[in-house]
Structures are given as C-alpha cells and as structure tokens.
Amino acid sequence: MKRAIAYLRRSTDLQEASLDQQKEKVLQFAKENSINMIEFFAEEACGENVEGRPQFRRMIERCKSDEPFEYVFVYDMSRWGRFENPKEAVYWEVEVERAGRKVVFVSEGFKEEGIGTSITNFVKSAEASEYLKNIRRQTARGMIYNAKKGFWMGGRPPYGYDRAIVEKGKVIEVLQEGRRKGIKDQKIKLTPNKRQAKVVRTIFLMFTKQGFSVHTIVRHLNNSNYTPPRGRMWSKSSIWRILHNEAYIGTLVYNRENGHKRHGKHKYNSKEHWVVVEGAHEPIIPMELWEMVQVRTKQAFVGGRHSAKGTRPGSDFLLSGLIKCGECGANYHGVHYRRKSGVARRYLCGGYNMYGSDRCARWEVDAERLEGFIIAYIQRKIDNPAWRRELKEELLGVVKAAERGSGDRLHDLDKEIKELSLKIENWKKAIEKGIELDNAVNIINRYIYQREQLYQEKRRLLAKVNGGGADKPVSRMISYLDDFKDVLSYGIPERKKDFIRVFVKKVVMHPGKHRAKISLYITPLSSIIMESNKCKPTEEIIYQN
C-alpha cells in the first residue's frame, strides 16, 4: 500500500477550513484512494513565508529523508501557502518532487502531469498571493480608520491603563490582562487602572515638582514594593518610557512602529505616517506636568549629549568593557559628574545604577585613580630592562612555536586540498555517467569554494613562514612598547584603550570590600603573533580604595 504525509495550516480567515476539518478531508481522500497516512504536520502560524512556519520546514526535511512514502497531501493550494511571491509556491513543490515525492491537493484530486497543470497551479498561487495582499491592505486601512477615532488597535496597554470595551462612548466591560473581546466589531479604548495610575502620577510628581532623579525614583518604587510594568524590579528605562509616553495626557499615537514579522526587522515609520489623536482617552496626568518633564529632559539632552551620532566622540573611560562587578555580575559604567572644579569621571556598578541598592552596593571608583594605578604599574614593567629581556625571550618562543605550527598546518592543508580535488573529479565523472545534473553541480561548486578557502589560508601561512624569522617581528613588537607614554599623553581615547588591552584582560570590582582585582596577560602582545586572544592571565594586582 502507498504511503503519504499531510501538511495542514490554520488561517486567520474564519471561513477557511479548520485544522480538524482539513485532517478529516485528507483522511477521507486517503481512504478512497487506498493510501496509508503516516504523519500530519499541523501549522498554527499563518505567515506567507517559510521562516514563520516551522511545521512546513519540518515537512520539507521529512521529504528529503529516507522515510518511505510517495505523497504530500494538502487540503488546497491556499493551505500550501499564500506566498507573497507566487513563484515560491511552485519552488517548494519542485523541492518536494526532487526528493522523489509528489504534492497532491486533495480538493482537486490526482491530476495528470503536464504543462497545463503547472500553469494552473501557478495561477492559483498568484490568486492566493493577491488575496492575501488585499486582506492586508484592507486590514491596515480599517485599523488606521479606527485609530483616528481614538480606539486602541491591539497590543499591551501602557502601564497605568486597562483595555475596555466601549459602546456609544460608554465603558461596557474592562478586559483583564490576556482577555480578548468576544465580538469582532466591538471597539476598545484605554481606561485608567486606578492602582497603576496612582504610581504614574507619583513618578511625574517626583520628577517634576520634587526634582528627584530617575535613579532616586527607581529606588523609591522598588523599596515601596510597587509592581513594575515588566519583570520583578523597576529600572531607569521603565521610568524613562513612562515619562515620555503621550498616552498619559490622553493622546493616542498609532503606526509609529512597523513590527510586522513578515517584513523583517522592526523599524520606525516616518512621522507623516503616524496617527496622532489628542483626547482619545482619559488622561492620567495634567498637561502642566507633561510640559515640565519635556523641558527638564530637553535641557539634559542639550547639556549632556550630542545631537548627531557622527559628532559623538569616543568614550574617555579607558577601562570601558573590561570592568565587571564581582558581586552582581553587571558591567561597570563610566559616568560624568559636573563639579565647580570641572568634570569628575567615575566608574559605577551597572546593577546599582539600574536597580539601586536592592541589586548591589554603591561604590563609585574615581576613574583617574584606578586608571592611573594600572598605567603606573604597566609603565614600571616597560621601564624594567630585566622584564623586557624576559618578554623578548618569551615572545621568541611564541613566534617559533607559531612557525612550527604553521608548518604542520601547511601539511594538513595540502592533504585537504588534494582530497577535495579528488572529490570534484569523481563528481564530474558521475555527471558523464548520467547522474542528476542540478544536484551534482551544486555539490561540485561547494567543493570548489571550500578548496579556494584552503588555498587562501595556505597563501597566508606561506607569507608568514617566509617573513624572515622570529627576531624581526619580536623586535618590532618590543619597540611598540616605547610608544606607551606618548600615546597615553597625546593619543585619542580609542588608541589609549588599545594599549591598555594589550596588558589587561579584566578588572573585577568588589564593592563590599572597596577593592578591585586586575588580571594581566602572561605575555603581552603575543596575541598579535598568534592572531588570537588565547593569552593566559598569570598576574593579579589589587587596587584598594
């Protein structure tokens, strides 16, 4: 008895057959044609590309396996896929046929193969694609129309609001989180959540009338056990989002973002496409507080940030990216404080900075002192003749080991290149004997590409081996250290950081002990020779505040 698998797919169109109905039709068709069904792939997604349809991808992989079956049953062409490009539907049918199976649409039954059948299938796929595009255009127009009337068009409501079903301007029912409206034509508006709205007002009052910083507000809310919008704790980013959300003055902004999964990456739409409706719902805070927030944050941006990304200079914190907190695991951030005497630079735990003392202890480290401590230690090493001699001997050993390794690798490369060349010739002979051309050509091209990559690696290694021995690169690297003082005195921040990273692997801060543990590489600069970062830390020094 012949065997088959089946692909079922749900649709957002309520008039389409459900998964159960599709399965019933497939089973009935299989029974009428004496075919044994061995597996069903039921898709809950409704996307028109295969990236959003995991069961479709599994079905294709099963077709390429050694499992014995002849057919893939699908209810109809629209369930196979309303692809944005109708050619894609034909492509996937061909992929199944290449694997030795046949796609059968049970609503049409078995058909004789021929150019007429292929053209008919392509036309139906094009019709399904156009149908989907029309639905999307109609849906978008409808949502924009309703948004202009102040209705909430889906998604999680802002903190401080609930969703409510409204009729003739009156609230009929408040929907709890996770609940959906029961009738398609019902309209949703935002309505204040009394408990959360009180927290929102507290945030605006603390920031404007009382002048508290965002960090202080975070600490207050976490200590007061107010439930945050997401997660277990309040953070600076959650406060910032609330302070700049127009929803709290009753304004609805729709179509600001394009988060459509089918269109690739998330992006923002240009402002002329936004739908902005003032007075769409009941405000939580008065316009006075909103304007005070905008004035204060605008001053902060103008005073402390650059207007364009291209004008932003490199960070002047030489240890950025190297420092972690040994108690909470967060990265340490560089922060600037304006003083009468000038600007002070400090390193501060990111866990404390975001979540306050509930996450980690406060310990601000003076950046000048910590960086100066590390730089002075490195400079003493560089100025020590005995250390330079030991470093040169160590680097010579590393270079010679790299050269020996290059010789071994060259031998392996020759062997791999020879094996690939033999495989290419064998596949060419198989083509002459009548093997399927498309598949063979793809395999040959892949082998040719792999061989070319090996040739490139071989050329790089030969250039390194023929570079004139170990003494020359080692002497060049030792002289590189003599630039240390000049770079730290006159170099740009990124150049200074590069020098620091030659020696320092990481810095672990311990706020409770007011101590930092600095790990340095056993052989500075050897990673340049080895083209890797596999240098082992051997030395640890302690900075105590």
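See above for the structure.
This report concerns the structure included in the present document. As the structure is a computational prediction, the values presented were derived from the model and not from experiment. (Residues numbered from 1 in each chain as written. Predicted model: local features only at pLDDT ≥ 70, side-chain atom pairs only at ≥ 80, totals over all residues. Heavy atoms only, no water.)

### A closer look at helix α11 (residues 367–382)
- With 16 residues, α11 should reach 22 Å at 1.5 Å per residue; the first-to-last C-alpha distance of 22 Å fits that figure.
- For α11, the full list of buried residues reads Ala367, Leu370, Glu371, Ile374, Ile375, Tyr377, Ile378, Gln379, Lys381 and Ile382.
- Its side-chain oxygen at 3.0 Å from the backbone nitrogen of Glu368, Asp366 defines the N-terminal cap of α11. (Helix = DSSP H or I, 4+ residues; strand = E, 2+ residues; numbered from the N terminus. Expected span 1.5 Å × (residues − 1). Buried < 20%, exposed > 50% of the residue type's maximum accessible area, 1.4 Å probe, protein only. Polar contact = N/O pair within 3.5 Å; in protein donor to acceptor, adjacent residues only side chain to side chain.)

### Describing the sheet that holds strand β2 (residues 35–43)
- Strand order in this open sheet of four strands is β2-β1-β3-β4, and the pairing throughout is parallel. Among the strands making up the open sheet, the edge pair consists of β2 and β4 (102–105). For this sheet, the mean inter-axis angle between neighbouring strands, taken without regard to orientation, is 25°.
- For strand β3 (residues 71–74) and β4, the ladder comprises four bridges, and the chain directions are parallel. Looking across to β4, one finds that Val72 is bridged to Val103.
- Against the sheet, helix α1 (residues 19–32) makes contact with β1 (2–9), β2, β3 and β4, and its axis sits at roughly 165° relative to β2, the strand it touches most.
- Packing against the sheet, helix α2 (residues 54–63) makes contact with β1, β2 and β3, and its axis sits at approximately 145° to β2. (Pairing = 2+ DSSP bridges. Axes fitted to C-alpha atoms, helices over the stretch in contact; angles between N-to-C directions. Contact = heavy atoms within 4.5 Å.)

### What to know about unusual backbone geometry
- For Ser34, which is not glycine, the phi dihedral falls at a positive 55°.
- Note on placement: Ser34 falls in the loop between α1 and β2.
- One non-glycine residue, His514, lies in positive phi territory at about 50°.
- Tracing the backbone through its elements, the reader meets His514 in the loop between β16 (504–510) and β17 (515–521).

### Quick notes on the nonpolar core
- The biggest cluster of nonpolar side chains holds 42 residues, and the ones touching the most others in it are Tyr347, Leu370, Phe503, Val504 and Met509.
- Among the elements that make up this core, the one with the highest residue count is α11 (seven residues).
- Counting residues in each nonpolar core, the second largest holds 35 residues, with Ala147, Ile242, Ile249 and Ala280 among its members. (Core = buried A, V, L, I, M, F, W, Y, C linked by side-chain atoms within 4.5 Å.)

### Quick notes on the packing of helix α6 (residues 194–208) against helix α8 (residues 236–243)
- With their axes 10 Å apart at the nearest point, α6 and α8 run at an angle of 90° to one another. It follows that α6 is roughly perpendicular to α8 by the angle criterion. On the side of α6, the interface is formed by Val200, Ile203, Phe204 and Phe207, while α8 contributes Ile239, Ile242 and Leu243.
- Among the residues making up the contact of α6 with α8, the classes are represented as seven nonpolar, no polar and no charged. (Parallel < 35°, antiparallel > 145°, perpendicular 65-115°, else oblique. Nonpolar A, V, L, I, M, F, W, Y, C, P; charged D, E, K, R; others polar.)

### So, the packing of aromatic side chains
- Enumeration according to the criterion identifies 14 aromatic pairs in this entry.
- Relative to Phe56, the ring of Tyr7 lies with its centre 5.3 Å away and its plane at 85°, an arrangement referred to as edge-to-face. Of this pair, Tyr7 sits in strand β1 while Phe56 sits in helix α2; the two residues are 49 residues apart in sequence, bridging distant segments of the chain. Neither Tyr7 nor Phe56 differs from the other in exposure class; each is buried.
- Taken together, the aromatic side chains of Tyr7, Phe56, Trp80, Tyr91 and Trp92 make up a single cluster linked through ring pairs. (Phe/Tyr/Trp six-rings, centres within 6.5 Å; stacked < 30°, edge-to-face > 60°.)

### Notes on α8
- Along α8, the residues that are buried comprise Ser238, Ile239, Ile242 and Leu243. Buried positions in α8, seen along its axis, are confined to an arc of 135° and lie on one side of it. (Arc of directions from axis to C-beta.)

### Let's talk about the sheet that holds strand β7 (residues 187–192)
- The three strands are arranged β6-β5-β7 in an open sheet whose pairing can be described as antiparallel. Two strands lie at the open edges of the sheet, namely β6 (170–175) and β7, each paired on one side alone. Taken over all neighbouring pairs, the strand axes of this sheet differ in orientation by 45° on average, direction set aside.
- Inspection of the sheet shows strand β5 (residues 161–167) paired to β7 by six bridges, in the antiparallel sense. Counted as the bridge partner of Asp162 is Thr191 from β7.

### Examining the pairing of strand β14 (residues 342–349)
- With eight bridges connecting them, strand β13 (residues 332–339) and β14 associate as antiparallel partners. Of the residues in β14, the one forming a bridge with His333 is Leu348.
- The antiparallel pairing of β13 with β14 creates a hairpin that spans two residues between the two strands.
- Taken together, the two bridges between β14 and strand β15 (residues 365–366) define a ladder with antiparallel strand orientation. Bridging from a neighbouring strand, Tyr347 pairs with Val365 of β15.

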